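Topology and contacts: notes
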Amino acid sequence: MDVSACAPATPVAGGLLQITVVADGDFVIQLTPAAKAITEKTTNATPKRARVVQFRVSRNVLIKSSSFFQTILGNRPNLANVTFENKGNGFGYALEIWLRALHNGVHTLPNNLKATHIERAWVAIGVGEQFGFAPHQIDKIKPWFLECYQIALNGGLSPFVACCLAFPCNVFDHAEGFMKLTKYLAYHTNGTIFTHNPSSFQALNQDARILDGPLTTARAHIQSILDKELNFALDKLHQATCSCRKETAFDYEDALRALDCWPIDRAVQKYPLAEIIDELDKFEFTPKNINCESGACAHDFKNSVNIAMRKAKFAFDGLCLDCMERSGIDHVEGQTRQAFVAKNSPFKGCWDIDCRYGHGRASWYYSWMGPSSVRRDILIKYREEKKALGITKGGRRTRRGGRVAKDNAAPAPARLISMSIKTQGSGNNNGGLENDDRDADDDDEFFDAEDASLGGLIATDNADMLDHDAVN
Ligand SMILES: [Zn+2]
Ligand SMILES: [Zn+2]
């Protein structure tokens, strides 16, 4: 980037670049070259940013925007300038972005400061934190980041892009992007790395680890759903008495193994969940003996696998910044526990009240940043309320019975309809949810969710086909 494209920047002799952020500025921030020489391409005839950069700024704006400058200028009211080391790799650009946005608004940024590389977002966070602008003033440059996000995604979403952008989405409070990218990471990566920091601000790596725990457990949750549903047909065969059940079970597993999708815990070591789910679409299996006396071998295995795929696909919507903030008890001062619980509880079965983007219970659960004992209490209370309303026992679907045909069912109360949002089953890691009753609750909700998420594309007559319990 050629900084001379920026109108108010004036390169002068001696490698000094003066940038007038405000014409009547009464203070100068100077950046001196990094202690370690920056490697420059000898083939590049145009010099990069001058070695020494001066920003003419307003003392008042700095004091208002940053406790860091408040301290410096408060202690030395007559100070006319201050010098920092330019740490290279976009440091000066990031400082200029901040200063221009804070003084004149983000819309005044010249084209050369556009975030054409994801790295710029990280540097902007690092520089913002160093000078005390972030996180409090992060909104001032949020539109700049949103453009950066858009440019990056225009190049296509990939695990690398998601790893680079998820954490900046968190810092810049971009709820939609954060939800989308964290969902993508849960489904499309299978390692332990959820973040890539392309900048030299390595100190941010520690902050970015906030994603590791929730995404690891969310992924385990999706995996457990896939595993449980693919095991459904095997469980049925284990309950059967025909002599062919063992061969059918073996052949079913063999067909899954042929796709390299079984056992699931081995498959996830090799492939991301999204790839496994896609591969299962190729599943074909016809049992050798479909006329046996038990009927178990005539099970619709293809349909079972389809159910597993669908359930896994809708198991997790991504992490929710609003739920994370709301449940982060440390960030709320003077709040009673009762108020905290009320604020974080579902309303009429909806887990995304006051959230910018809709999501189910899994997102609420894995976005939780407060004490896990409170989360457990909220879930217990929710389950008790459901039971009191007869939703789990006498509702649209009994625990192990088939789905009530819609034509014959009483109209669903509003509360049931509001529950038709994607929700979760119990995962491996959600402590306190592993008992059978919990599973029954989750199953009930999931099937409601499936109807909603498939947008009514499923004919009423076929509704039973979604239900593993209804498929012999
Ligand atoms: Zn059989
Ligand atoms: Zn939320």
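Let us look at the structure shown here. The structure presented is a predicted model; accordingly, all values stated were derived computationally and were not measured. (Residues numbered from 1 in each chain as written. Chains lettered and ligands numbered in written order. Predicted model: local features only at pLDDT ≥ 70, side-chain atom pairs only at ≥ 80, totals over all residues.)

Two elements in contact, helix H15 (residues 337-344) and helix H17 (residues 372-388), have axes whose closest approach is 10 Å; the angle formed by their N-to-C orientations is 60°. In terms of orientation, H15 and H17 fall into the oblique class. In this structure, H15 crosses over H17, and the sense of that crossing is right-handed. Residue-level contacts link Phe340, Val341 and Asn344 of H15 to Val374, Asp377 and Ile378 of H17. A class-by-class count of the residues in the contact of H15 with H17 yields 4 nonpolar, 1 polar and 1 charged. (Axes fitted to C-alpha atoms, helices over the stretch in contact; angles between N-to-C directions. Helix = DSSP H or I, 4+ residues; strand = E, 2+ residues; numbered from the N terminus. Parallel < 35°, antiparallel > 145°, perpendicular 65-115°, else oblique. Left-handed = near helix turned anticlockwise from the far one by under 90°. Contact = placed C-beta atoms within 7 Å. Nonpolar A, V, L, I, M, F, W, Y, C, P; charged D, E, K, R; others polar.)

This part takes up the environment of Ser224. Looking at where Ser224 falls in the secondary structure, it is placed in helix H9 (residues 212-239). For Ser224, a count of 20 C-beta atoms within 10 Å puts it in the buried group. The spacing of Ser224 and Asp265 is 41 residues in sequence and 9.1 Å in space, taken between C-alpha atoms. (Buried ≥ 20, exposed ≤ 12 C-beta atoms within 10 Å, placed from the backbone.)

In this model helix H4 (residues 118-130) runs 19 Å from its N-terminal to its C-terminal C-alpha over 13 residues, within 8% of the 18 Å that 1.5 Å per residue would give. The buried fraction of H4 amounts to 10 of the 13 residues, a majority that puts the element mostly inside the structure. The set of residues buried in H4 consists of Ile118, Arg120, Ala121, Trp122, Val123, Ala124, Ile125, Gly126, Val127 and Gly128. Of the surrounding secondary structure, the elements contacted by the buried residues of H4 are helix H3 (91-104), helix H5 (142-154), helix H6 (159-171) and helix H8 (204-208). After H4 finishes, the residue Gly132 shows a positive phi value of roughly 80°. (Expected span 1.5 Å × (residues − 1).)

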